[in-house]
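Descriptive structure summary
Chain residues, written in single-letter form:
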Amino acid sequence: MPFRVEPDPSFKDALAAADRPLAGIWVCSGSPLIAELCAGAGFDWIFIDAEHSPNGLESVLAQLQAVRGYPGIPVVRPAVNDTVLIKQYLDLGAQTLIIPMVHTAEQARAAVAATRYPPAGVRGVGSALARSARWNRIPDYLTRAEETLTLIVQIESAEAVENAAEIAAVDGVDGVFIGPSDLAASMGVIGQQEHPEVVAGVEKALKAAKAAGKFVGVNAFAEASARRYMEWGADFVGVGADVALLARGSEALAAKYLPADGDGAAGTPASY
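Here's what I pulled together on the structure shown here. (Residues numbered from 1 in each chain as written. Predicted model: local features only at pLDDT ≥ 70, side-chain atom pairs only at ≥ 80, totals over all residues. Heavy atoms only, no water.)

So, the overall build of the protein chain
Within the protein chain, the secondary structure is distributed over 12 helices and 8 strands. By the compact-globule yardstick of 19 Å for 272 residues, the protein chain fits well, its C-alpha radius of gyration being 20 Å. Each of the three principal axes of the protein chain carries a C-alpha extent, and together these read 70 × 50 × 35 Å. Here the protein chain holds 272 residues, and the buried ones make up 48% of them. Considering only contacts within the protein chain whose residues lie at least 6 apart along the sequence, 62% involve residues at least 24 apart. Carbon and sulfur atoms make up 58% of the accessible area of the protein chain, which amounts to about 13000 Å² in all. Here the protein chain carries 21 positive and 32 negative side-chain charges, and the mean point of each set is 6 Å from the other. (Helix = DSSP H or I, 4+ residues; strand = E, 2+ residues; numbered from the N terminus. Rg over C-alpha atoms; globule rule 2.2 N^0.38 Å. Buried < 20%, exposed > 50% of the residue type's maximum accessible area, 1.4 Å probe, protein only. Contact = heavy atoms within 4.5 Å. Areas by Shrake-Rupley, 256 points an atom, 1.4 Å probe, with all protein chains shown as cover. Lys, Arg positive; Asp, Glu negative; His and termini not counted. Charge placed at Lys NZ, Arg CZ, Asp CG, Glu CD.)

Shown next, in the form of structure tokens:
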């Protein structure tokens, strides 16, 4: 007899039960090994990114499998708000999706429809073939799928900030995730996530989503920014990335052994 399988815990339930903001780490390397290493660090959620990272269906699947033995909840970001792509990531077994570049309520409704089976949406039915239903080993998956999923849409433009209340109010959107980097770019201050207008935009979107009764996340790799947004009521915050940690850590290690003025051969200690 096959095993009876139950869905993994949902991110929305974890957020509802939390008594503090949940801290997450981006996994952008495309490596299941690094994903598992980060999951074992104790983060509340693991952000597997397929928008700005060398990830595709196969590597995301491997990372979902690699982190499953750890308490942190995997969150997957597709490259685009696309019905077919969303269907594929759901069928891989991703139960939480962050959809990028959602600027309007209409786009949010399209994302919701992509995660729902008919008649509530347009998700194609392939549960017998898919890890999402554990190949039909999750009882009644087709009627229960919606309860296992958490849909978060990303507010990361000036237009989206203006539409934040309407976006958050869309039925089926569980939360919003605010991206200060792209928000800064859309405001004409690219690279200035701490610009007063950007910070004000984050606050406006955060308050609008909270007023709609939805969960709110913010991306903030600088600790002071992360702490500020947590104090403002953010439910979850992305506080770092695997590749950034490796880049900065390897630079700091190299600096201990390389000449500060750039003289000498690369890789040669400055003194003996």
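What to know about the nonpolar core
Residues Val-76, Tyr-89, Leu-97 and Ile-155 are the most contacted members of the largest nonpolar core, which totals 56 residues. Of all the elements, helix α10 (residues 196-211) adds the most residues to this core, at 7 residues. Ignoring anything within four residues of it in the chain, the contact list for Val-76 reads Ile-48, Val-60, Leu-64, Tyr-89, Ala-94, Thr-96, Leu-97 and Ile-98. With 14 residues, the next largest nonpolar core counts Leu-22, Trp-45, Phe-236 and Ala-241 among its residues. (Core = buried A, V, L, I, M, F, W, Y, C linked by side-chain atoms within 4.5 Å.)

Things to note about the packing of aromatic side chains
This structure, assessed with the given rule, holds 11 aromatic pairs. Measuring from centroid to centroid gives 6.0 Å for Trp-26 and Phe-221, while their planes differ by 85°, and the two rings are edge-to-face. Separated by 195 residues along the polypeptide, Trp-26 in strand β1 (residues 22-27) and Phe-221 in the loop between β7 (215-219) and α11 (223-231) bring together distant segments of the chain. Overall, the relative accessible area of 8% leaves Trp-26 in the buried class. Note on Trp-45 and Phe-47: the rings are 5.9 Å apart at their centroids and 35° apart in plane angle, and the pair reads as tilted. By relative accessible area, Phe-47 is classed as buried at 0%. Taken together, the ring pairs in this structure connect Phe-11, Trp-26, Trp-45, Phe-47, Phe-177, Phe-221 and Phe-236 into an aromatic cluster. (Phe/Tyr/Trp six-rings, centres within 6.5 Å; stacked < 30°, edge-to-face > 60°.)

What about the pairing of strand β6 (residues 175-178)?
Across the two faces of β6 the burial is the same, with Gly-175 and Phe-177 and Val-176 and Ile-178 all buried. Looking at chain direction, strand β5 (residues 150-155) and β6 are connected through 4 bridges and run parallel. In the strand pairing of β6, Ile-155 is matched with Ile-178. Note: β6 against β7, 4 bridges, orientation parallel. In the strand pairing of β7, Val-176 is matched with Val-216. (Pairing = 2+ DSSP bridges.)

With respect to the pairing of β7
Here is the key point about a regular strand: its side chains alternate between the two faces of the sheet. Counting buried residues in β7 gives 4 out of 5 residues, a clear majority hidden from the surface. Both β7 and strand β8 (residues 236-241) contribute to a ladder of 3 bridges, which runs parallel. Paired with Val-218 across the two strands is Val-237, which belongs to β8. Tracing the backbone out of β7, into α11 and back to the parallel element β8 gives a crossover that is right-handed. (Right-handed = clockwise from strand over helix to strand, strands pointing away.)

Structural notes on the pattern of salt bridges
A full pass over the atoms with the stated rule returns 15 salt bridges. In this structure, Arg-144 engages Glu-147 in a salt bridge whose closest nitrogen and oxygen atoms are separated by 3.6 Å. Taken together, the residues span about one helical turn, with Arg-144 and Glu-147 both in helix α6 (residues 141-148) at a distance of 3 residues. Residue classification places Arg-144 among the buried residues on the basis of a relative accessible area of 19%. Linked through salt bridges whose partners overlap, the residues forming this network are Glu-6, Arg-144 and Glu-147. (Salt bridge = Lys/Arg side-chain N within 4 Å of Asp/Glu carboxyl O.)

Remember that the coordinates give geometry; whether it matters functionally is a separate question.
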